[in-house]
Amino acid sequence: MAEPGVPQTLVPDILSNVPAISLPDIGIVPATIAKAGPDAGRRFLEFLTAHIRNKNTRLAYARALQQFFAWCAERRLALEDIEPIHVASYIERHPGAKPTVKQHLAAIRMCFDWLITGGVLLVNPAHAVRGPAHVVTRGKTPVLSADEARTLLDSIDTKTIVGLRDRALIALMCFTFARVGATVGMRVEDYFQQGKRWWVRLHEKGGKRHEVPVHHTLEAYLDAYCDAGQLWIDPKGALFRSANRKRQLTARALDRNEALQMVKRRARAAGLPDTTCCHTFRATGITAYLNNGGTIEKAQTIAAHSSPRTTKLYDRRGDEITLDEIERIGI
């Protein structure tokens, strides 16, 4: 909470002519920052708007910084009085999980770096603070077997346009390893023919423009959906669209939360685990690909991962091997 008497008009003043940036994503300037003067406040906002380009990262970092500087305000710490021991104390008592704590420390460290380069501070009190040890060798994303994925796709009633849409959307995430954000962000023109093959164009996080050839099964599903919805006449329109109460497509793109609720609903109807989510199909597709002789390097390329270590987190082939070995314990 901001302290009484601290001006909170800095955000609207700076962003009044920047409609693309949402104020709720940033929040007010923390009291600890505002008390350090207008240069500190402006630099704080520049960090979240100019330096952090991804909207989800901006929101996460803004929340982390609001919490940290609220903690500092409760202890009446001025910005220039914050020392490594204070940051370490905050991190030590942070109630979040280890990945959350590491993310919050990264946000604090990067913010102080930004304040230093802007001439607001001389040293970064978070630079020497170490976060909790956290090594991940296996992802937590729930994964389906190839048979379960096929059961889900076959269970969808495709006599309606909504059924055709849902089948095409789930199949696209399975066969291209696409994230749900990139999937629901597609336009009709992002499904295109090149030579004799059809391709999809995905706009993944980090500004990556990624093109993947379409599996013949996915091609059949996308064609059936686009034909039934007459989507070809509007190439600039959203590929995956919301539906009205009459179960007819609208011009509005399906958002990621609607896609998640659809996946949950379809999974329950198919008798699949409640943990099934949109990201499940990324892990499912990668595992199925590797089980059929694919390589980590190629899977990395299809998934548009920057590192093969990230791709390996989605490789669940070892789960079945481990279970088989455990069953050998003859007690």
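Bear in mind the structure is a predicted one, so any value in this text is a computation, not a measurement. (Residues numbered from 1 in each chain as written. Predicted model: local features only at pLDDT ≥ 70, side-chain atom pairs only at ≥ 80, totals over all residues. Heavy atoms only, no water.)

Visitor: Would you mind showing me how to read the side chain of His210 here?
Guide: Examined against the element boundaries, His210 turns out to sit in strand β3 (residues 208-213). In this structure the side chain of His210 is engaged in a polar contact, spanning 3.3 Å, whose partner is the backbone oxygen of Thr301. At 2.6 Å, the side chain of His210 forms a polar contact with the backbone oxygen of Ile302. Discounting residues that sit within four places of it in the chain, His210 has contacts with Val200, Arg201, Leu202, Thr301, Ile302, Ala303 and Ala304. (Helix = DSSP H or I, 4+ residues; strand = E, 2+ residues; numbered from the N terminus. Polar contact = N/O pair within 3.5 Å; in protein donor to acceptor, adjacent residues only side chain to side chain. Contact = heavy atoms within 4.5 Å.)

Visitor: Which parts of the structure should I look at to understand helix α11 (residues 256-269)?
Guide: An α-helical turn contains 3.6 residues, so any two residues separated by three or four positions project in the same direction. Between its first and last C-alpha atoms α11 spans 20 Å; for 14 residues at 1.5 Å apiece the expected length is 20 Å, and the two agree. Ala259, Met262, Val263, Arg266 and Ala267 are the residues of α11 that are buried. Down the axis of α11, the sector holding all buried residues measures 130°, keeping them to one side. Seen from the buried face of α11, the exposed residues on the opposite side, beyond 90 degrees, are Asn257, Arg268 and Ala269. (Expected span 1.5 Å × (residues − 1). Buried < 20%, exposed > 50% of the residue type's maximum accessible area, 1.4 Å probe, protein only. Arc of directions from axis to C-beta.)

Visitor: What's the story with the side chain of Arg165 in this structure? I'm lost.
Guide: Here Arg165 is to be found in helix α8 (residues 161-176). A distance of 2.9 Å separates the side chain of Arg165 from the side chain of Asp166, its partner in a polar contact. If we ignore the near neighbours within four places in the chain, the residues touching Arg165 are Tyr225, Phe240, Arg241, Ser242, Ala243, Leu249 and Leu254.

Visitor: What exactly am I supposed to notice about the nonpolar core here?
Guide: Buried together is how nonpolar side chains tend to be arranged in soluble globular proteins. By size, the foremost hydrophobic cluster in this structure holds 43 residues, and its most contacted members are Leu172, Val200, Leu222, Tyr225, Leu239 and Phe240. Contributing elements (two or more residues each) for this core: α7 (146-155), α8, α9 (180-184), β2 (197-204), α10 (216-229) and α11. With 10 residues, α8 is the single largest residue contributor to this core. Here Leu239 is in contact with Met186, Arg187, Val188, Leu222, Tyr225, Cys226 and Leu231, once residues within four sequence places are set aside. Among the nonpolar cores identified, the runner-up in size contains 34 residues, and Phe44, Tyr90, Cys111 and Phe112 belong to it. (Core = buried A, V, L, I, M, F, W, Y, C linked by side-chain atoms within 4.5 Å.)

Visitor: What am I meant to see in the sheet that holds strand β1 (residues 191-194) here?
Guide: In sheet architecture, strand pairing relies on hydrogen bonds along the backbone and comes in two forms, parallel and antiparallel. Sheet architecture is open: three strands sit in the order β1-β2-β3, paired in antiparallel fashion. The sheet is open, and its two borders are formed by β1 and β3, each paired with just one other strand. Pairs of neighbouring strands in the sheet enclose a mean axial angle of 35°, with direction left out of account. When β1 meets β2, the two strands line up antiparallel, connected through four bridges. Each residue of the ladder has a partner; that of Gln194, found in β2, is Arg197. (Pairing = 2+ DSSP bridges. Axes fitted to C-alpha atoms, helices over the stretch in contact; angles between N-to-C directions.)

Visitor: Teacher, can you tell me more about the pattern of salt bridges here?
Guide: Pairs can form between side chains of opposite charge whenever their charged atoms are close. For the coordinates displayed, the defined rule picks out 11 salt bridges. Residue Arg266 pairs with Asp166 through a salt bridge whose shortest N-O separation is 2.7 Å. Taken together, the positions of Arg266 in helix α11 and Asp166 in helix α8 put the pair 100 residues apart, joining distant regions of the chain. Here Arg266 and Asp166 have matching classes, each one buried. Through salt bridges with shared partners, a single ionic network connects Asp190, Arg201, Arg209 and Glu211. (Salt bridge = Lys/Arg side-chain N within 4 Å of Asp/Glu carboxyl O.)

Visitor: Could you clarify how one ought to interpret the packing of aromatic side chains in this entry?
Guide: With the rule as written, the count across this model stands at 12 aromatic pairs. Measuring from centroid to centroid gives 6.4 Å for Phe44 and Phe69, while their planes differ by 80°, and the two rings are edge-to-face. Highlighted residues: Phe44 in helix α3 (residues 38-51) and Phe69 in helix α4 (residues 55-74), separated in sequence by 25 residues. Judged on exposure class, the residue Phe44 and its partner Phe69 are both buried. Summarising the aromatic geometry, the rings of Phe68 and Phe69 are spaced 5.1 Å apart at their centres and angled 65° between planes, so their arrangement reads as edge-to-face. (Phe/Tyr/Trp six-rings, centres within 6.5 Å; stacked < 30°, edge-to-face > 60°.)

Visitor: So what exactly am I meant to see when it comes to the layout of surface pockets here?
Guide: A probe matching the size of a water molecule, rolled over the atoms, marks out where space remains unfilled. Reported here for the second largest pocket is a volume of approximately 450 Å³. Lining the second largest pocket are 18 residues, with Cys174, Phe175, Phe177, His215 and Gly285 positioned closest to its centre. Counting only elements with at least two residues in the lining of the second largest pocket, the list comes to α7, α8, β3 and α12 (280-291). Partitioned by chemical class, the residues of the lining of the second largest pocket number 12 nonpolar, four polar and two charged. (1 Å grid on protein atoms, 1.4 Å probe; cavity = no way out; pocket = protein on both sides within 12 Å on 5 of 7 lines; lining within 4 Å. Points joined across faces, edges and corners; volume = space filled by probe spheres on them. Nonpolar A, V, L, I, M, F, W, Y, C, P; charged D, E, K, R; others polar.)

Visitor: What exactly am I supposed to notice about the environment of Cys278 here?
Guide: Along the chain, Cys278 turns up in the loop between α11 and α12. Considering only alpha carbons, one finds Cys278 and Leu260, 18 residues apart in sequence, at a separation of 5.9 Å.

Visitor: I tried to follow the pairing of strand β5 (residues 249-253) on my own but got confused; where do I start?
Guide: Alignment of strand β4 (residues 241-243) against β5, held across two bridges, turns out to be antiparallel. Paired with Arg241 across the two strands is Ala253, which belongs to β5. Between β4 and β5, which pair antiparallel one after the other, the connecting turn spans five residues, and Arg247 there sits at a positive phi close to 65°.

Visitor: Just to check I follow, could you spell out the pairing of β2 for this structure?
Guide: Moving residue by residue along a regular strand, the side chains alternate between the two faces of the sheet. Here β1 folds back onto β2, and the loop between the two strands holds two residues, one of which, Gly195, carries a positive phi near 70°. Taken together, the six bridges between β2 and β3 define a ladder with antiparallel strand orientation. From the neighbouring strand, Glu204 faces β3, where its bridge partner is Lys208.

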